[in-house]
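# Coordinate analysis (summary)
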Amino acid sequence: MEVSSSAIRSQAPSSEASSRNEARSSGVTWAAVIAGAFATAALSFALLAFGMGIGLSAVSPWGNVGASASAIGWTAIGWLVLMQLIASSVGGYLAGRLRTKWVNVHTHEVYFRDTAHGFLAWAVALVITAAFLTSATTAVIGGVAVGAATGIATGPAQSRDALGGNGYPVDILLRTSAPGAEKENTSTRSEVGLIFANGLKEGGLPPTDRAYLTQVVAARSGVSQSEAERRVDDAYAQARQAADTARKAIAHSLYWTFLALLVGAFCASLAATFGGRERDRMPVMR
């Protein structure tokens, strides 16, 4: 009895020390979180490339061939949600399975920590992906700016591309019926594009800009004053409709992206609890 009691007394401080040390340690295993985050980001990129390949295979430059625009749009939305579900689940499971095993922690606290590990892995993966996309977008914007400047200096074809969505309305506005008339005027097209862009930003063409455009169109195309006014109004209405359509498309895509991210956060948190549960079931080999 004395040996057993002394053994118990000798073991008690060690158990108390281990409990005290574990309580003071951090509840987040960042190595597991970062590993799960990188797995989520890598899978997201791979699935995104695969989905883009499927989308490009379904698109055809010829009319009435391939999938329709609406079908491609809904397929892209479904693939975005599925991509978040798969990538986030794998990353969350890894974050839960690889974290440190807590021995003297209550079951509810373990469940909360596992959920937090999955959510943190999803959040870190989102930051990594956003940083990558931001750098890629910055590079694309810089290339577009250089291309626009080069187009202004090298010729009218590139300058027309620099007008973006206003290029076709500007072409209609300055179209002439004379077969031998000069059709290219880089400075005029750029000026009209800037006036349209300012009108879209202000919500309408100012009267002075409208009168100036009417004079330019009448002199450029050789039509009457009333016909020039009609062309200006029609071209601006077309540009405004295109801008409004683009705005709605961007808004809807952001709504669905938000939903996909919510699905990813939920799946990562839930999968981490499964991974942590499997981690705790593994016996410790001595």
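Each chain carries its own residue numbering, running from 1 in the written order of its sequence. Per-residue local features are limited, in this predicted model, to residues with pLDDT of at least 70; the limit for side-chain atom pairs, both in listing and counting, is 80 or more; totals at the level of whole chains, interfaces and linings are taken over all residues. As a rule here, side-chain values cover all heavy atoms of the structure and leave hydrogens and water aside.

What follows deals with the layout of surface pockets. Grid spacing is 1 Å over the protein atoms alone, the probe is 1.4 Å, and a cavity is where that probe fits but cannot get out, while a pocket is an open set with protein on both sides within 12 Å along at least five of seven lines and lining residues have an atom within 4 Å of a point. Grid points are joined across faces, edges and corners, and a volume is the space filled by probe spheres set on the points. In this model, the largest pocket occupies a volume close to 600 Å³. Lining the largest pocket are 22 residues; nearest its centre among them are Leu48, Met83, Gln84, Thr129 and Leu133. Elements with a contribution of two residues or more to the lining of the largest pocket: α2 (30-58), α3 (69-97), α4 (107-154) and α9 (225-281). Segments assigned H or I by DSSP are reported as helices when at least four residues long, segments assigned E as strands when at least two residues long, and all are numbered from the N terminus. Considering each element in turn, the lining of the largest pocket owes the most residues, eight residues, to α4. Residues were grouped as follows: Ala, Val, Leu, Ile, Met, Phe, Trp, Tyr, Cys and Pro as nonpolar; Asp, Glu, Lys and Arg as charged; and all remaining residues, including Gly, as polar. Along the lines of polarity and charge, the residues of the lining of the largest pocket split into 16 nonpolar, six polar and no charged.

The next thing to look at is the packing of aromatic side chains. Aromatic rings from Phe, Tyr and Trp, with only the six-membered ring used for Trp, were paired whenever their centres fell within 6.5 Å, and each pair was classed as stacked if the ring planes differed by under 30 degrees, edge-to-face if by over 60, and tilted otherwise. One pass over the full model with this rule turns up three aromatic pairs. Taken together, a centroid distance of 5.9 Å and an interplanar angle of 85° make the contact between Phe45 and Phe132 edge-to-face. Here the residue Phe45 occupies a position in helix α2, and Phe132 occupies one in helix α4, the gap between them amounting to 87 residues. Relative accessibility under 20% of the residue-type maximum defines a buried residue, over 50% an exposed one, and the middle range a partly exposed one, all with a 1.4 Å probe and only protein chains included. A residue is classified by how much of its surface remains accessible, and Phe132, at 47% relative accessible area, is partly exposed.

Proteins that are soluble and globular tend to have nonpolar side chains buried together. Note on terminology: a nonpolar core comprises buried Ala, Val, Leu, Ile, Met, Phe, Trp, Tyr and Cys residues joined through side-chain atoms within 4.5 Å. The biggest cluster of nonpolar side chains holds 12 residues, and these are Val192, Ile195, Phe196, Leu205, Leu213, Val217, Ala218, Ala228, Val232, Ala235, Tyr236 and Ala239. Only α7 (186-202), α8 (207-221) and α9 provide two or more residues apiece to this core. Here the element with the most residues in this core is α9; it accounts for five residues.

Our focus in this paragraph is the side chain of Thr273. Tracing the sequence through the fold places Thr273 in helix α9. Only 2.4 Å separates the side chain of Thr273 from the backbone oxygen of Leu270, close enough to count as a polar contact. Two residues qualify as a contact provided that any one of their heavy atoms is within 4.5 Å of a heavy atom in the partner residue. For Thr273, the contacting residues outside a window of four places in its chain are Tyr111, Asp114 and Thr115. By the criterion applied in these results, polar contacts are pairs of N or O atoms within 3.5 Å in which, for protein atoms, one can donate a hydrogen and the other can accept it, and in which residues neighboring in sequence qualify only through two side-chain atoms.

So, about the side chain of Asp114. By the element assignment, Asp114 lies in helix α4. Ignoring any residue separated from it by four or fewer positions in sequence, one finds Asp114 in contact with Arg99, Trp102, Ser269, Ala272, Thr273, Gly276 and Arg277.

Between Lys or Arg on one side and Asp or Glu on the other, a salt bridge is scored when a side-chain nitrogen of the former is within 4 Å of a carboxyl oxygen of the latter. Across all of its chains, the model carries 10 salt bridges by this definition. Residue Asp280 pairs with Arg99 through a salt bridge whose shortest N-O separation is 3.0 Å. Of the two residues, Asp280 is situated in helix α9 and Arg99 in the loop between α3 and α4; the sequence distance between them amounts to 181 residues. A salt bridge links Arg230 to Glu227, with the shortest nitrogen-to-oxygen separation between them at 2.4 Å.

Attention shifts here to a nonpolar patch on the surface. For patch building, the residue pool is restricted to those with more than 30% relative accessible area and no salt bridge; the joining distance is 9 Å between like charges and 5 Å between nonpolar side chains (Val, Leu, Ile, Met, Phe, Trp, Tyr). The Shrake-Rupley method, run with a 1.4 Å probe, gives the accessible areas here. Residue values count only the displayed protein chains as cover. Together, Leu82, Leu85, Ile86, Val90, Tyr93, Leu94, Leu98, Phe266, Leu270 and Phe274 give the surface a local cluster of nonpolar side chains, amounting to about 800 Å² of exposed area. Put simply, the parts of the chain that give the nonpolar patch at least two residues each are α3 and α9. A per-element tally of the nonpolar patch places α3 first, with six residues. In this structure Phe266 comes out as exposed when scored by relative accessible area, which is 55%.

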